[in-house]
Amino acid sequence: MLDFLASRLSQYWADYLWRVADINGGCGFVMYRGGSVVATVTFGYDLAGQATDSFIVRNPDKLARLTL
């Protein structure tokens, strides 16, 4: 899953600034463009600690509390 994000989605989001962040108690990314937060990417894990899901939030209302 992380390979997919790194190899595929990063192509589309290459002009965004990516910052690793603690989001809702887990590791994720906050993505910025033009000084504004435009998305977050977080992950779901199985019992073995392997990433099994990715969650991308782009809703401006949900992102409003995040800052650069």
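Presented here is a report on the structure given in the accompanying data block. (Residues numbered from 1 in each chain as written. Predicted model: local features only at pLDDT ≥ 70, side-chain atom pairs only at ≥ 80, totals over all residues. Heavy atoms only, no water.)

Along its length, the protein chain carries two helices and four strands. Along the protein chain, helices and strands appear, N-terminal first, in the series α-β-β-β-β-α. Counting over 68 residues, the protein chain shows a buried share of 25%. Sequence-distant contacts in the protein chain: of pairs separated by 6 or more residues, those separated by 24 or more amount to 25%. Working note: accessible area of the protein chain is about 4,900 Å², and carbon and sulfur atoms make up 52% of it. (Helix = DSSP H or I, 4+ residues; strand = E, 2+ residues; numbered from the N terminus. Buried < 20%, exposed > 50% of the residue type's maximum accessible area, 1.4 Å probe, protein only. Contact = heavy atoms within 4.5 Å. Areas by Shrake-Rupley, 256 points an atom, 1.4 Å probe, with all protein chains shown as cover.)

Turning to the pattern of salt bridges, a few remarks are in order. Counted under the stated rule, the structure contains one salt bridge. Two residues, aspartate 15 and arginine 33, come together in a salt bridge whose shortest N-O distance is 2.7 Å. With aspartate 15 in the loop between helix H1 (2–12) and strand E1 (17–23) and arginine 33 in strand E2 (residues 26–33), this pair connects stretches of sequence that are 18 residues apart. Exposure remark for aspartate 15: the relative accessible area of 49% places this residue in the partly exposed category. (Salt bridge = Lys/Arg side-chain N within 4 Å of Asp/Glu carboxyl O.)

Time to look at the packing of aromatic side chains. Tallied over the entire structure, the rule returns two aromatic pairs. Relative to phenylalanine 29, the ring of tryptophan 18 lies with its centre 5.3 Å away and its plane at 75°, an arrangement referred to as edge-to-face. Taken as a pair, tryptophan 18 in strand E1 and phenylalanine 29 in strand E2 lie far apart in primary sequence, eleven residues in all. When its relative accessible area of 24% is taken as the criterion, phenylalanine 29 is described as partly exposed. Judged by centre distance (6.3 Å) and plane angle (80°), the ring pair of phenylalanine 29 and phenylalanine 43 falls under edge-to-face. Placement of the pair is phenylalanine 29 in strand E2 and phenylalanine 43 in strand E3 (residues 36–45), with a sequence separation of 14 residues. Connected via pairs of aromatic rings, a cluster forms that spans Trp18, Phe29 and Phe43. (Phe/Tyr/Trp six-rings, centres within 6.5 Å; stacked < 30°, edge-to-face > 60°.)

What follows concerns the sheet that holds E2. Read from one edge to the other, the open sheet built from four strands follows the order E1-E2-E3-E4, with strand pairing classed as antiparallel. With one partner strand each, in any of the chains shown, E1 and strand E4 (51–57) form the two edges of the open sheet. Adjacent strand axes in the sheet meet at a mean angle of 25°, parallel and antiparallel pairs treated alike. Where E2 meets E3, five bridges bridge the pair, whose relative direction is antiparallel. Within E3, the position partnered with valine 30 by the bridge is threonine 40. (Pairing = 2+ DSSP bridges. Axes fitted to C-alpha atoms, helices over the stretch in contact; angles between N-to-C directions.)

In short, the description is geometric, and any link to function would need to be established separately.
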